[in-house]
Amino acid sequence: MVRLAFVGCGSIQQVHYRNLTTLDEIEFVGHCDTERDRAQEAAAQYGGEAYTDYRVMFEEVKPHAVYVAVPPYAHGDIEIEAARKGIHLFIEKPIALDCATAKAVSEAVRKSGVLCSVGYCFRYSDTTVRARKMLRGKTPSLIMGLWSSGLPEIWWWRQMDKSGGQIMVQTTHLIDMIRYLCGDVAEVYAAGASGCMNQIKDYDIHDSSVITMCMKTGATASIASSCVAGYNGHKFLDIVTPESSFHLSDNRLTVREDGKLSQYHPKKDMYFEESRSFIEAVRTGKRNRLRCTYSDALKTFKVTAAANESIQSGLPVKV
Ligand SMILES: NC(=O)c1ccc[n+]([C@@H]2O[C@H](COP(=O)([O-])OP(=O)(O)OC[C@H]3O[C@@H](n4cnc5c(N)ncnc54)[C@H](O)[C@@H]3O)[C@@H](O)[C@H]2O)c1
């Protein structure tokens, strides 16, 4: 039986709860949220005790693993304490707001030897798996991404010092996909737009942004993002190689190769797959079940933070 605890019982944790309840031999032992009601609701629905302090929860319920799904500003001490206690970690992205926190957690995870999976969930989509296989041996030259969405009704999302803005909470998924499919990033240059959302209270993030990246392979990549659109989200990633082109979106992978057009649709739920893989890794100790370790996520984080830094300074940033 795997004893699971949860820190942060908000919207994404509800997705993890639902998926985890379908897996065998799991016990939910504790739910912690600084908003007591949220922890109590989760405990009433899924079993286990409710807490507002993760330290007390770790001490009392002694979990084998913990899901950390808190806003970007709240990462750091939670993970370090869990690692110190030998508790395996599933951590939602982004892993932090600043490099110093991310590096401190990385060091704590490395030292402790606990398993750590970071929630870059698109890595678990079967269309991503297929694209990765098909890209093997090919040389991407041009990579283009788009993330266009509306503004979520979450207070911390719209404050730069709490979320890091759209680049940190959403675009980071596309940055991670680019790294996963096309290799590492060498340099980042970015620009941000403001002025369309002035009517929104306590809002100080960029409305839109464009990121240009030089890949270590010599390829070029760009991602345009916006949170001004009044709909739920439209995102894709295009990858062009001399032999073929790939278009990845939420509901399909389209490949043009040898004059043929092929389409693949995901058959598995990526959120289910990432939890299934994490629990399997905890049960068996097999680290190769995890597609995004903390040290890998740290590399994605550095590129993401470099984009924000470049917007601030107006200069390119080497990663
Ligand atoms: N992988 C994905 O597809 C995906 C989707 C949505 C959100 N996320 C990420 O998950 C994280 C959480 O997002 P959300 O939408 O669930 O936010 P949310 O605000 O709905 O939930 C976060 C919860 O954490 C709690 N919290 C804050 N600080 C805490 C602390 N120190 N201890 C205990 N609880 C604390 C809050 O009270 C809140 O209930 C964000 O970083 C977000 O980017 C990932």
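All of these numbers come straight from a predicted model, not from anything done at the bench.

Cut-off values and rules
- Residues take numbers from 1 onward in each chain, read along the sequence in its written order.
- At least 70 in pLDDT is required for a residue's local features to be given in this predicted model, at least 80 for side-chain atom pairs to be given and counted, and no such filter applies to totals for whole chains, interfaces and linings, which use all residues.
- For helices, the fitted axis covers only the stretch in contact; all axes are lines through C-alpha atoms, and the angles between them, taken along N-to-C directions, range from 0 to 180 degrees.
- A run of H or I in DSSP becomes a helix once it reaches four residues, and a run of E becomes a strand once it reaches two; helices and strands are each numbered from the N terminus.
- These descriptions rest on fixed angle ranges, namely under 35 degrees for roughly parallel, over 145 for roughly antiparallel, 65 to 115 for roughly perpendicular, and the rest for oblique.
- Two helices that cross are described as forming a left-handed crossing if the nearer one is turned anticlockwise from the farther one by less than a right angle, and a right-handed crossing if clockwise.
- Our contact criterion uses C-beta atoms placed from the backbone: two residues qualify when those atoms are within 7 Å.
- For two strands to be treated as a pair, DSSP must find no fewer than two bridges joining them.
- Using C-beta atoms placed from the backbone, we call a residue buried if 20 or more other C-beta atoms fall within 10 Å of its own, exposed if 12 or fewer do, and partly exposed for counts in between.
- To decide nearness, the C-beta atom of each residue is placed from the backbone, and the residue is near a molecule or strand if that atom lies within 6 Å of it.
- Residues are sorted three ways: Asp, Glu, Lys and Arg are charged, Ala, Val, Leu, Ile, Met, Phe, Trp, Tyr, Cys and Pro are nonpolar, and all the rest, Gly among them, are polar.
- What marks off one domain from the next here is an automatic or database domain assignment.
- In this description, one arc is meant: the one made by directions from the helix axis to the C-beta atoms.

Would you take a moment to explain the packing of helix H8 (residues 165–182) against helix H10 (residues 294–313) for this structure?
The geometry of a pair of packed helices is captured by two quantities: the angle between their axes and the separation between those axes. For the pair H8 and H10, the least separation of the axes is 9 Å and the interaxial angle reads 130°. Relative to H10, the element H8 lies oblique. The two elements H8 and H10 cross, and the hand of that crossing is right-handed. Residue-level inspection shows Gly165, Ile167, Met168, Thr172, Ile175, Asp176 and Arg179 of H8 in contact with H10, the latter providing Lys299, Thr300, Val303, Thr304, Ala307 and Asn308.

Even after reading the chapter, I still don't get the sheet that holds strand S2 (residues 26–32), so can you show me in this structure?
Strand pairing in a sheet takes place through backbone hydrogen bonds and is either antiparallel or parallel in direction. Read from one edge to the other, the open sheet built from six strands follows the order S3-S2-S1-S4-S5-S6, with strand pairing classed as parallel. Two strands lie at the open edges of the sheet, namely strand S3 (49–51) and strand S6 (116–118), each paired on one side alone. Strand after strand, the sheet turns through a mean of 20° between neighbouring axes, direction not considered. Looking at chain direction, strand S4 (residues 65–68) and strand S5 (residues 88–91) are connected through four bridges and run parallel. Pairing of valine 68 across the sheet is with isoleucine 91, part of S5.

Would you mind going over the pairing of strand S11 (residues 234–240) with me for this structure?
On a regular strand, one side chain projects to one face of the sheet and the next to the other, so that they alternate. The alternating pattern of S11 places Lys235, Leu237 and Ile239 on a buried face and His234, Phe236, Asp238 and Val240 on a face that is not buried. Strand direction decides the pairing type here: strand S7 (residues 142–148) and S11, joined by seven bridges, are antiparallel. Directly across from leucine 146, in S11, lies its bridge partner phenylalanine 236.

Looking at this structure, I do not really get the site of the ligand. What am I missing?
Not every one of the 25 residues close to the ligand is listed here, only the nearest: Gly8, Gly10, Ile12, Ala74 and Glu92. Its residues placed into classes, the shell around the ligand shows 14 nonpolar, six polar and five charged.

Where do I start with the domain arrangement of the protein chain in this structure?
Many analyses report the size of an interface as the accessible area lost when the parts associate. One can read the domain layout of the protein chain as domain 1 (2–121 + 272–293) and domain 2 (123–266 + 301–318). Residue-level contacts link 17 residues of domain 1 with 15 residues of domain 2. Where the side of domain 1 that touches domain 2 is concerned, the elements lending two or more residues are helix H5 (99–112) and helix H9 (270–284). Considering every element that reaches the side of domain 1 that touches domain 2, the biggest residue donor is H9, with three residues.

Help me understand helix H4 (residues 77–84) in this model?
Residues spaced three or four apart along an α-helix face the same direction, because each turn holds 3.6 residues. Buried residues of H4: Ile78, Glu79, Ala82 and Ala83, and no others. For H4, the angular spread of buried residues about the axis comes to 125°, placing them on one side. At its buried positions, H4 is contacted by strand S1 (2–7), helix H3 (54–61), S4, S5 and H5. Just past H4, the residue glycine 86 takes up positive phi, approximately 75°.

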